[in-house]
Amino acid sequence: MAEKKNAAKELKEKLLMQRKNAIFRLTDKEVAVCDDFCEGYKDFMNNSKTEREAVETSLEMLKKGGFKEYKAGMKLKTGDKIYRVNRGKALLIAIIGKAPIAEGVRLCAAHIDSPRLDLKQNPLYENEEVAYFKTHYYGGIKKYQWTTIPLSLHGVILKADGESVKVNIGEDENDPVFCVSDLLPHLANEQMKRPLAQAIKGEELNIIIGSRPFRDDEASNAVKLGIMQILNEKYGIIEADFISAELEAVPAFKAKDIGFDRSLIGSYGHDDRVCAYPALMASLNCKAPKHTVVTVLTDKEETGSDGNTGLCSSYLEYFIYDLAEALGSDGRTVLSASECLSADVNAAFDPTFPEVNERNNCAYVNKGVCITKYTGARGKSGTSDASAEFTGRIRRLMDANNVIWQTGELGKVDEGGGGTVAAYIANLNVDTIDMGVPVLSMHAPYEIVSKIDTYMAYKAFSVFMAD
Ligand code: MN
Ligand code: MN
């Protein structure tokens, strides 16, 4: 009997797929390396609440790492480390490899915009002696989640004279924060009957910004006036300057360890900075790669990638074209020979809501970085669907380098769906596959990821860049 049992065990190990928790494949020392890596990640998150701030934080790190700004016409050679900023909201990074650029680049693409509440262009108003900002939400959110939490305000205001004023308020311990109110349960009888999607409506996401009127009995809109006076003193702005502003309200929470075992991280904006940071770190630590390595940290993914800072625009293509020309090839040849990891998160299986996933084909927290062959909705609509050949190549690469990975798609068939930038890059004739960290409560003000999975994303991107 005992022998037979062992035979089954052996055969199982040989023939069946293992879906073990990563902890069983790592030593304590290796787990400590994952935890350590995430200390840097939490710092990055606390300083990078918007795409603009993520670009600034990344730039600082790149400059320290010896990367130089790339300007058109600049000569390039093997080993050069360069970057290009697109309008302060997207970032391109490259390390010139030893192989001819005609052999293609290793491209890693993550996004640094996250769902949030944008201020409208005429946001400031007063209602019954309370001052508010009107908002227009950005990206896919469950609106009710954005009430009764502390919000901070980030962005830029372009004044009438063209001067740009930076705003970042609500993050410092001594800063005030802002908040969207909600009804008390005692008086919410009617609201509670609304379907969840309408529990809070778009026009109810109004941010409280003050309540003390300007001292003058005669003045109308005295609270609004009082707030405008403060803003004028602090930022030198007048009301019309909001028209040329990009102000984003985001959760004022800090990134923190979650759980007694500190295995998880809670933060705003894991989607997709939990892939952007590992991609950035992999670029920073990438030494003398064979192929030229390009990392793009893009904007506008959450609204469909349109616009000149999103990946439906030509800015990535132009960059590759510039590199190709500078290195004696042409863009079309380079793109056609290139490979890309579309580094974006996937939904982690949530044991409290198991019904939306199909358990054999979804990602789990702590089972490693997730490879997603295709995304899309319904009949794979809107996906680039990586080929079996390219999926096989990535799989071999990960296994050869002991990267702990799993595979999963976004939810059950016909449950919903979603996409990433993979399709737009694949459309440039680049072999592309999605790979990223599983996230719990995706698009909520406070999302959750595993430290081990986050580190495995870093390891995966690193070995891809080095190959
Ligand atoms: Mn994403
Ligand atoms: Mn997203």
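Preceding this paragraph is the structure being described.
Bear in mind that the values here come from a model prediction, so they are computed numbers and not experimental data.

Peer 1: Would you mind showing me how to read the overall build of the protein here?
Peer 2: Scanning the protein from N- to C-terminus turns up ten helices and 23 strands. The C-alpha atoms of the protein give 24 Å as radius of gyration, which agrees with the globular expectation for 467 residues (23 Å, within 12%). Looking at the protein residue by residue over its 467 residues, the buried ones come to 51%. Expressed as a percentage of contacts within the protein between residues at least 6 apart in sequence, the contacts between residues at least 24 apart total 76%. Element-wise, carbon and sulfur atoms account for 51% of the exposed surface of the protein, whose accessible area totals about 22600 Å². Here the protein contributes 57 positively and 67 negatively charged side chains, and the mean placements of these two sets differ by 6 Å.

Peer 1: Looking at this structure, I do not really get the pairing of strand 11 (residues 245–251). What am I missing?
Peer 2: Both faces of the sheet carry side chains from a regular strand, because those side chains alternate between them. Among the seven residues of strand 11, six are classified as buried, and the element is accordingly described as predominantly covered. Across two bridges, the pairing between strand 5 (residues 116–127) and strand 11 is antiparallel. Counterpart to Asp118 in the pairing with strand 11 is Glu248. Relative to strand 11, strand 7 (residues 151–158) runs antiparallel, the two sharing seven bridges. Counterpart to Gly155 in the pairing with strand 11 is Leu247.

Peer 1: I would appreciate a short explanation of helix 10 (residues 451–466) in the present structure.
Peer 2: With 16 residues, helix 10 ought to run about 22 Å at 1.5 Å a step, and its terminal C-alpha atoms sit 23 Å apart, in line with that. Summarising burial for helix 10: 13 of the 16 residues are buried, a large majority. Capping of helix 10 at its N-terminal end is provided by Ser450; its side-chain oxygen lies 3.2 Å from the backbone amide nitrogen of Ile452.

Peer 1: Please clarify how the side chain of Lys49 should be interpreted in this entry.
Peer 2: For Lys49, the location among the structural elements is in the loop between helix 2 (28–46) and helix 3 (51–64). Assessed through its relative accessible area of 2%, Lys49 is described here as buried. A polar atom in the side chain of Lys49 sits 3.0 Å from the side chain of Glu171. Not counting residues up to four positions away in its chain, the partners in contact with Lys49 are His154, Glu171, Val250, Pro251, Ala252, Phe253, Tyr268 and Arg273.

Peer 1: Please explain the coordination of the manganese ion (ligand 2) as it appears in this structure.
Peer 2: For a metal bound by four donors in tetrahedral geometry, the ideal donor-metal-donor angle is 109.5 degrees, whereas six donors in octahedral geometry ideally sit at 90 or 180 degrees. The coordination sphere of the manganese ion (ligand 2) contains the protein donors Asp271 (OD), Glu302 (OE), Glu302 (OE) and His443 (NE2), at a distance range of 2.0 to 2.6 Å. In the primary sequence, the donor residues of the manganese ion (ligand 2) line up as D-x30-E-x140-H.

Peer 1: How should I be thinking about the packing of aromatic side chains in this particular structure?
Peer 2: Centre-to-centre distance and the angle between the planes together describe a pair of aromatic rings. Enumeration over the complete set of coordinates arrives at twelve aromatic pairs. With a centroid separation of 6.2 Å and 80° between ring planes, the pair formed by Tyr70 and Phe319 is classed as edge-to-face. Placement of Tyr70 in the loop between strand 1 (68–69) and strand 2 (81–86) and of Phe319 in helix 6 (residues 315–326) is noted, with a sequence separation of 249 residues between them. Here the two residues Tyr70 and Phe319 agree in accessibility, since each one is buried. An aromatic cluster of three or more residues is present, and its members are Phe37, Tyr41, Phe44, Tyr277, Tyr455 and Tyr458. Here the guanidinium or amino end of Arg116 rests over the ring plane of Tyr138, the centre of that ring lying 3.6 Å away. The ring of Tyr364 has Lys367 sitting right over it, with the charged end atom 4.6 Å from the ring centre.

Peer 1: How do you make sense of the nonpolar core when you look at a structure like this?
Peer 2: Generally speaking, a soluble globular protein has its nonpolar side chains buried in company with each other. By size, the foremost hydrophobic cluster in this structure holds 62 residues, and its most contacted members are Ile394, Met398, Met435 and Phe461. The residues touching Phe461, leaving out its near neighbours within four places in the chain, are Cys108, Cys275, Pro278, Ala279, Ala282, Leu341, Ala343 and Met435. In this structure, Ile141, Ile169, Ile207 and Val250 belong to the second largest nonpolar core, which totals 32 residues.

Peer 1: Explain the sheet that holds strand 10 (residues 207–210) to me, please; I cannot follow it from the model alone.
Peer 2: Hydrogen bonds between backbone atoms are what pair the strands of a sheet, whose relative direction is either parallel or antiparallel. The strand order across the open sheet formed by seven strands is 8-7-11-5-6-10-9, and the pairing between neighbours is antiparallel. Two strands close off the open sheet at either side, each with one partner strand: strand 8 (164–169) and strand 9 (179–180). Contacting strand 5, strand 6 (130–138), strand 8 and strand 10, helix 4 (residues 222–235) crosses the sheet at an angle of about 125° to strand 5.

Peer 1: Which parts of the structure should I look at to understand the packing of helix 2 against helix 10?
Peer 2: The description of two helices packed together rests on the angle between their axes and the distance between the axes. Running from amino to carboxyl end, helix 2 crosses helix 10 at an angle of 85°, the nearest separation of the two axes being 8 Å. Relative to helix 10, the element helix 2 is oriented roughly perpendicular. Residues Val33, Cys34, Asp35, Phe37, Cys38, Glu39 and Tyr41 of helix 2 form the contact with helix 10, whose own contacting residues are Lys451, Ile452, Thr454, Tyr455 and Tyr458. Within the contact of helix 2 with helix 10, the residues separate by chemical class into eight nonpolar, one polar and three charged.

Peer 1: How should I be thinking about the coordination of the manganese ion (ligand 1) in this particular structure?
Peer 2: Donor atoms from the polypeptide that bind the manganese ion (ligand 1) are His111 (NE2), Asp271 (OD), Asp344 (OD) and Asp344 (OD), placed at 2.1 to 2.6 Å. Sequence spacing among the residues donating to the manganese ion (ligand 1) works out to H-x159-D-x72-D. In this structure, the manganese ion (ligand 1) lies 3.4 Å away from the manganese ion (ligand 2), the two metals sharing Asp271 as a donor. A residue pair is termed long-range when its members are at least 10 positions apart, and His111 in strand 4 (residues 105–111) and Asp271 in helix 5 (residues 270–284) qualify at 160 residues. The class for His111 is buried, based on a relative accessible area of 1%.

Peer 1: I tried to follow the sheet that holds strand 13 (residues 264–267) on my own but got confused; where do I start?
Peer 2: The strand order across the open sheet formed by three strands is 12-13-23, and the pairing between neighbours is antiparallel. The open sheet has two edge strands with one neighbour each: strand 12 (256–258) and strand 23 (447–450). Direction aside, the axes of adjacent strands within the sheet are offset by 35° on average. Across the sheet, helix 2 is in contact with strand 12 and strand 13; its angle to strand 13 comes to roughly 5°. Taken strand by strand, helix 5 contacts strand 13 and strand 23, and its axis lies near 30° from that of strand 23.

The rules behind the values
Residues numbered from 1 in each chain as written. Chains lettered and ligands numbered in written order. Predicted model: local features only at pLDDT ≥ 70, side-chain atom pairs only at ≥ 80, totals over all residues. Heavy atoms only, no water. Helix = DSSP H or I, 4+ residues; strand = E, 2+ residues; numbered from the N terminus. Rg over C-alpha atoms; globule rule 2.2 N^0.38 Å. Buried < 20%, exposed > 50% of the residue type's maximum accessible area, 1.4 Å probe, protein only. Contact = heavy atoms within 4.5 Å. Areas by Shrake-Rupley, 256 points an atom, 1.4 Å probe, with all protein chains shown as cover. Lys, Arg positive; Asp, Glu negative; His and termini not counted. Charge placed at Lys NZ, Arg CZ, Asp CG, Glu CD. Pairing = 2+ DSSP bridges. Expected span 1.5 Å × (residues − 1). Polar contact = N/O pair within 3.5 Å; in protein donor to acceptor, adjacent residues only side chain to side chain. Donors = N, O, S within 2.8 Å, 3.2 Å for Na, K, Ca; no water. Phe/Tyr/Trp six-rings, centres within 6.5 Å; stacked < 30°, edge-to-face > 60°. Lys NZ or Arg CZ within 6 Å of the ring centre and 35° of its normal. Core = buried A, V, L, I, M, F, W, Y, C linked by side-chain atoms within 4.5 Å. Axes fitted to C-alpha atoms, helices over the stretch in contact; angles between N-to-C directions. Parallel < 35°, antiparallel > 145°, perpendicular 65-115°, else oblique. Nonpolar A, V, L, I, M, F, W, Y, C, P; charged D, E, K, R; others polar.

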